[in-house]
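# A structural walkthrough
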Amino acid sequence: MKQSWSGRIIGTLIGLIFFNPLTALIGFALGWYLVDKKRNDAARRQQQANQAFTFQSQQAPNFDLIRVTFLLMGYVARGAGRVNQDHINKAEQFMHLMQLDESARRAAIEAFNTGKSDNFNLQQEINYLRQLAGSNFDILSYLLEIEVQLALADGSMEQGEYQRLISISSLLGVSAAQMDRLIRVRTAEMQFERYARAFREGRGFNAGSGFGGAWNQSGTQEAGSAYGSNQQTQDNNELKHAYEILGVEESASFEEIKKAHRRLMLKYHPDRLASQGLPPEMVRLYTQKAQDIQAAFDLVKKARGEN
């Protein structure tokens, strides 16, 4: 891991302005404490999170983190009453994204089956997960998002799945409000998929034209058209999902929306993730998320008539 020295260097140089070795030493110490220590700690946590999901063998270090992830997948899926094919397909998708080799895949499948069994000990596994992750919330954040995606794999979430997600988040020290927010965002992303897919394919939509509904040349919707009415409702729903993805209220100012967009793109943009050393399989996982965020901002911007 590349260490940050900029704080110490700048602090030392400032101290030397006074031609005093003591002030240079103080500047060095302050630079480390105020700048370098925070940056290096953040880089270390990010590196741990990156490595956590880059295992191609059971013998790889910390493979147990992958095992716990699939244990919890099985536990969440069983909350629906029965594990369905959509749950299994989503678990297979994550195995592919993580590029697990054959032995690791077998271990992941075994963990999934253990997690869905009646005698699964959630408290014990969460305690172990906390030991593995330590204070690195990035790892837990990745894991919780995976579990939410698994629960929504069939397009809906049963009460039992929701209760199990809340149980997991509570034991990890994540509030129900934070988990609800994660679920709402993922649900909005799924429901927003039609617009986002067109955005990713470069088709986009004309400003003010909705999604191909019945619009006349003056830019207003034709009256008396059932199709047009339904289309407007659907367009409004897409816009509502866009605000949800961006994490802002519909009443937010455009400046607030731009700040939210920049903050999310900084967190999820694939170039940013790659530059931080995130492995390709995790970059692929978040590439679509970044595109959905951009598509949501694009729709909100057009709806508000902003350039």
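The shown structure was predicted, so the numbers you read here are calculated from the model rather than taken from an experiment.

### Quick look at the overall build of the chain
A count of helices and strands for the chain gives 14 helices and zero strands. Counting from the amino terminus, the chain carries its helices and strands in the arrangement α-α-α-α-α-α-α-α-α-α-α-α-α-α. Excluding contacts between residues fewer than 6 apart, the proportion of contacts in the chain whose partners are at least 24 apart in sequence is 73%. Of the roughly 16300 Å² of accessible surface on the chain, a fraction of 51% belongs to carbon and sulfur atoms.

### Some details on helix α9 (residues 176–191)
For α9, built from 16 residues, the straight-helix expectation of 22 Å at 1.5 Å per residue is met to within 8% by its first-to-last C-alpha distance of 22 Å. Taken residue by residue, α9 has M179, I183, V185, R186, A188 and E189 as its buried positions.

### Here we look at the nonpolar core
The biggest cluster of nonpolar side chains holds 43 residues, and the ones touching the most others in it are F70, L72, M73, L100, L129, I168 and L172. Taken together, the elements giving at least two residues each to this core come down to α3 (63–78), α4 (85–98), α5 (102–115), α6 (122–133), α7 (137–151), α8 (159–171) and α9. Broken down by element, this core gets its largest block of residues, eleven residues, from α3. Contact partners of F70, with chain neighbours within four places excluded, come to A91, F94, M95, M98, L100, A108, A111 and F112. Residues A252, L264, A296 and F297 belong to the second largest nonpolar core, which totals 25 residues.

### What about the packing of α3 against α6?
As a packed pair, α3 and α6 sit with axes 10 Å apart at the nearest point and diverge in direction by 145°. Pair α3 / α6 crosses with left-handed handedness. For the pair α3 and α6, contact is made by D64, L65, R67, V68, L71, L72 and Y75 and by L122, E125, I126, Y128, L129 and L132, respectively. For the contact of α3 with α6, the residue count by class is ten nonpolar, no polar and three charged.

### Some remarks on the side chain of R186
Relative to the assigned elements, R186 resides in helix α9. The exposure class assigned to R186 is buried, which follows from its relative accessible area of 19%. Among residues more than four places away in sequence, those in contact with R186 are K90, V148, Q149 and L152.

### A few points about the confidence of the model for the chain
Residues with a pLDDT of 70 or more make up 66% of the chain, whose mean pLDDT is 76. Per-element averaging of pLDDT across the chain places helix α2 (residues 21–52) at the bottom with 65 and α8 at the top with 95. Within the model, the stretch residues 54–61 combines pLDDT values under 50 with 21 contacts to residues more than four positions away or in other chains. Note on residues 204–230: pLDDT is under 50 here. Beyond four places in sequence and across chains, it has 34 contacts.

### Looking at the packing of aromatic side chains
The full count for this structure, using the stated rule, is two aromatic pairs. When the centroid spacing of 6.0 Å and the interplanar angle of 15° are considered together, the rings of F254 and F297 count as stacked. A residue pair is termed long-range when its members are at least 10 positions apart, and F254 in helix α12 (residues 254–268) and F297 in helix α14 (residues 280–303) qualify at 43 residues. With respect to class, F254 is no different from F297; both count as buried. Across from the ring centre of Y75, 4.4 Å away, lies the NZ or CZ of R164, which sits over that ring.

Definitions and cut-offs
Residues numbered from 1 in each chain as written. Predicted model: local features only at pLDDT ≥ 70, side-chain atom pairs only at ≥ 80, totals over all residues. Heavy atoms only, no water. Helix = DSSP H or I, 4+ residues; strand = E, 2+ residues; numbered from the N terminus. Contact = heavy atoms within 4.5 Å. Areas by Shrake-Rupley, 256 points an atom, 1.4 Å probe, with all protein chains shown as cover. Expected span 1.5 Å × (residues − 1). Buried < 20%, exposed > 50% of the residue type's maximum accessible area, 1.4 Å probe, protein only. Core = buried A, V, L, I, M, F, W, Y, C linked by side-chain atoms within 4.5 Å. Axes fitted to C-alpha atoms, helices over the stretch in contact; angles between N-to-C directions. Left-handed = near helix turned anticlockwise from the far one by under 90°. Nonpolar A, V, L, I, M, F, W, Y, C, P; charged D, E, K, R; others polar. pLDDT = per-residue confidence, 0-100. Phe/Tyr/Trp six-rings, centres within 6.5 Å; stacked < 30°, edge-to-face > 60°. Lys NZ or Arg CZ within 6 Å of the ring centre and 35° of its normal.

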